[in-house]
Amino acid sequence: MAKNNHLQRDFDRLDGLLRNEACRRSDPAVAAEVYAYAQAMARLENVVAVVSDLSQGTSRIFNGRFAAVLGLDGYSEESSIWEKKVISLMPEEEQHEKYIAELRFFHYLRQPGRRTGSYYLMSRLRMTAADGRIIDVLHRMYYVCGGDGRSVRFAVCLYGPVSVGFKGRSVVVNSVTGVSEELTSSADAEMLSPRERQVLQLIDSGLKSREIADALHISVHTVSRHRQEILGKLQVKNSHEACRVARSIDLL
C-alpha cells in the first residue's frame, strides 16, 4: 500500500482499532442488505463501492463505471479491510489525510449521544486516474452495526466524482438532519481527556512516570493508567509512537 513505514503502521493501528471493536456476529439479513446496497450504488451512481467486513478482515468491491476512470476494472476483493488498490492511487500525504480523517471520524462517533447509523464521513481525495491525470474523488464512508445494534460490523466506502458544490475537505454529515461539521484539528481534542493530554505533553517533554506524578500531584499508578488509556485511544504500542501520532493531529 504505502511505501512510508510510518504510514503503514498508522493504517495497521487503525485496522486494529476497528477490528477490536467489531461485532463478531451479524444478522445475515443485515449483511445481505449491506452487500445489496453497495451493488446497487455501483450500478445506479457508477461509483466504486467497497464493503469491508471488520470482523472477518476482508473486503468486497463492486465497480460502477467510475472504476474505469481509476483503472480498477476487475478489482473485486481484498483479504484486508483496506481497499489497497484504491489507496495506492493516492500520494502518501493524501493517504495520511485519509487515515487522520477516519481516525477522527471513529472517535467522533464514540462521543455520548451520537448514534453510529446517523452519521457518515465525506472527504475530498486526490488520486491518479488511469490516464495519468490527478483528479479529485469524493469518498463517502458509513459504518453499519451488526446484530447487536451497537458494535460496528461493516464499513461501506463509496468513491466517485466530486459532487458539484462540495468544497470541504473532510466533513461528518448527519444523515437525519443534513447538518455537516468539518473534521478539523479542533475535533481531535475529544480523543483524549484534558488530563491525558496533560500527561502526554509531559511524556513528550521527556519526563518519566515518577516525575509526571510529582508534577501533577497524582500517583505513579494513576500516571500508568493514563499512559495505557493514551496508547489504547491512539492505537499505538509505545509512548514514542503516541507522541508522533498526537503531533500529526495537533494534539501536541
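Think of each chain on its own: its residues are numbered from 1, step by step along the sequence as written. A pLDDT threshold of at least 70 governs which residues receive local features in this predicted model, and a stricter bar of 80 or more applies before side-chain atom pairs are shown or counted, although totals over entire chains, interfaces and linings include all residues. Computation of side-chain values: all heavy atoms of the structure, hydrogens and water removed.

S.K.: Hey, could you run me through the overall build of the protein chain in this one?
M.R.: Secondary structure follows DSSP: runs of H or I at least 4 residues long count as helices, runs of E at least 2 residues long count as strands, and numbering of each begins at the N terminus. On a plain count of helices and strands, the protein chain comes out with nine helices and eight strands. Categorising residues by exposure relies on relative accessible area from a 1.4 Å probe, with only protein chains included: less than 20% of the type maximum marks a residue as buried, more than 50% marks it as exposed, and the intermediate range marks it as partly exposed. Counting the 252 residues in the protein chain, one finds 50% classified as buried. A separation threshold of at least 6 residues defines the contact pool for the protein chain, and within that pool the share at least 24 residues apart is 58%. Calculation of accessible area relied on Shrake-Rupley with a 1.4 Å probe; when residues are assessed, cover is drawn exclusively from the protein chains displayed. When the accessible surface of the protein chain is summed, it comes to about 12,200 Å², and 48% of that surface belongs to carbon and sulfur atoms. Only heavy atoms enter the contact rule, under which two residues are in contact if any of them lie within 4.5 Å.

S.K.: Explain the packing of helix H7 (residues 209–216) against helix H8 (residues 220–234) to me, please; I cannot follow it from the model alone.
M.R.: Helix-helix packing: each pair is described by the crossing angle between the helix axes and the interaxial distance. To obtain an axis, a line is fitted to C-alpha atoms, over the contacting stretch when the element is a helix, and the angle between two such axes runs from 0 to 180 degrees between their N-to-C directions. For the pair H7 and H8, the least separation of the axes is 8 Å and the interaxial angle reads 110°. With respect to each other, H7 and H8 are oriented roughly perpendicular. Counted together, Ser209, Arg210, Ile212 and Ala213 of H7 and Val220, Val223 and Arg227 of H8 form the full contact between these two elements. When its residues are assigned to classes, the contact of H7 with H8 shows four nonpolar, one polar and two charged. Any angle that is under 35 degrees is reported as roughly parallel, and any over 145 degrees as roughly antiparallel; angles of 65 to 115 degrees are reported as roughly perpendicular and all others as oblique. Here the nonpolar group is Ala, Val, Leu, Ile, Met, Phe, Trp, Tyr, Cys and Pro; Asp, Glu, Lys and Arg are the charged ones; every other residue, Gly included, is treated as polar.

S.K.: Can you help me understand H7 in this one?
M.R.: Every α-helical turn comprises 3.6 residues, leaving residues that sit three or four positions apart pointing alike. Of the positions making up H7, those classed as buried are Ser209, Ile212, Ala213 and Leu216. An end-on view of H7 places all buried positions within 100° of arc, on one side of the element. Contacts from the buried residues of H7 go to helix H6 (194–204) and H8. Count one or two residues on from H7 and you reach histidine 217, which has phi positive near 60°. It is the directions from the helix axis to the C-beta atoms whose arc is reported.

S.K.: Can you walk me through the environment of arginine 124 in this structure?
M.R.: Turning to its location among the elements, arginine 124 is positioned in strand E4 (residues 119–128). Each C-alpha atom, one on arginine 124 and one on valine 137, is 5.8 Å from the other, the two residues being 13 residues apart in sequence. Apart from the residues lying within four places of it in its own chain, the contact partners of arginine 124 are Glu94, Asp136, Val137, Val162, Phe166, Lys167, Gly168 and Arg169. Polar contacts involving the side chain of arginine 124 include one to the side chain of aspartate 136, which spans 3.2 Å. As used in this structure description, the phrase polar contact means that two N or O atoms lie within 3.5 Å; if the pair is within protein, one of them must be able to donate a hydrogen and the other to accept it, and residues adjacent in sequence are counted only when both atoms belong to side chains.

S.K.: Can you help me understand the environment of cysteine 157 in this one?
M.R.: Within the element layout of this structure, cysteine 157 appears in strand E6 (residues 152–161). In this structure the C-alpha to C-alpha distance between cysteine 157 and valine 47, which are 110 residues apart in sequence, comes to 9.6 Å. In contact with cysteine 157, other than residues within four places in its own chain, are Val48, Ala49, Val50, Glu83, His139, Arg140 and Met141.

S.K.: Quick question: what am I supposed to make of unusual backbone geometry here?
M.R.: Of all residues except glycine, most have a negative phi; of all peptide bonds, most are trans. In the Ramachandran plot, asparagine 46 falls in the positive-phi region, its phi being about 65° despite a non-glycine side chain. Along the chain, asparagine 46 turns up in the loop between helix H2 (28–45) and strand E1 (48–53). Positive phi values are uncommon outside glycine, yet histidine 217 reaches one of about 60°. Its location among the elements puts histidine 217 in the loop between H7 and H8.

S.K.: What is the right way to look at the packing of aromatic side chains in this model?
M.R.: Pairs of aromatic rings are described using the distance from one ring centre to the other and the angle between the two planes. A pair of aromatic rings is counted whenever rings of Phe, Tyr or Trp (Trp by its six-membered ring) have centres within 6.5 Å, and the orientation is called stacked for planes under 30 degrees apart, edge-to-face for over 60 and tilted otherwise. Using the criterion set out here, one finds six aromatic pairs in the structure. Note on tyrosine 35 and phenylalanine 154: the rings are 5.9 Å apart at their centroids and 75° apart in plane angle, and the pair reads as edge-to-face. Highlighted residues: tyrosine 35 in helix H2 and phenylalanine 154 in strand E6, separated in sequence by 119 residues. Both residues of the pair, tyrosine 35 and phenylalanine 154, belong to the buried class. An aromatic cluster is built from Tyr35, Phe62 and Phe154, whose rings are joined through pairwise contacts. Our definition puts a charge over a ring when NZ of Lys or CZ of Arg is within 6 Å of the ring centre and also within 35 degrees of the ring normal. It is arginine 60 that lies over the ring of tyrosine 35; its NZ or CZ is 4.7 Å from the centre.

S.K.: Help me understand the sheet that holds strand E5 (residues 134–145), please; the structure alone is not making it clear to me.
M.R.: What holds strands together in a sheet is hydrogen bonding between their backbones, with the strands either parallel or antiparallel. Here a strand pair is declared whenever DSSP counts at least two bridges between the two strands. The strand order across the open sheet formed by eight strands is E3-E2-E1-E6-E5-E4-E7-E8, and the pairing between neighbours is antiparallel. Among the strands making up the open sheet, the edge pair consists of strand E3 (77–78) and strand E8 (180–182). Pairing analysis gives nine bridges linking E5 to E6, with the strands arranged antiparallel. Residue pairing in the sheet places arginine 140 in a bridge with leucine 158 of E6. Against the sheet, helix H5 (residues 92–109) touches E4, E5, E6, strand E7 (170–174) and E8, its axis set at about 175° to E4.

S.K.: Honestly, the pairing of E6 in this entry has me stumped. Any pointers?
M.R.: Each regular strand carries side chains that alternate between the two faces of the sheet. Counting buried positions along E6 yields nine of ten residues, so the element is predominantly enclosed. Examined bridge by bridge, E1 and E6 share six bridges and lie antiparallel to one another. Bridge assignment links aspartate 53 to a residue of E6, and that residue is phenylalanine 154.

S.K.: Honestly, the confidence of the model for the protein chain in this entry has me stumped. Any pointers?
M.R.: For residues with low pLDDT, the predicted coordinates do not support detailed interpretation. Confidence of the predictor in every single residue is expressed as pLDDT, which spans 0 to 100. When pLDDT is averaged across the protein chain, the result is 85; 85% of the residues are at 70 or more. Ranking the helices and strands of the protein chain by mean pLDDT puts helix H3 (residues 66–70) first, with 97, and helix H1 (residues 5–20) last, with 64.

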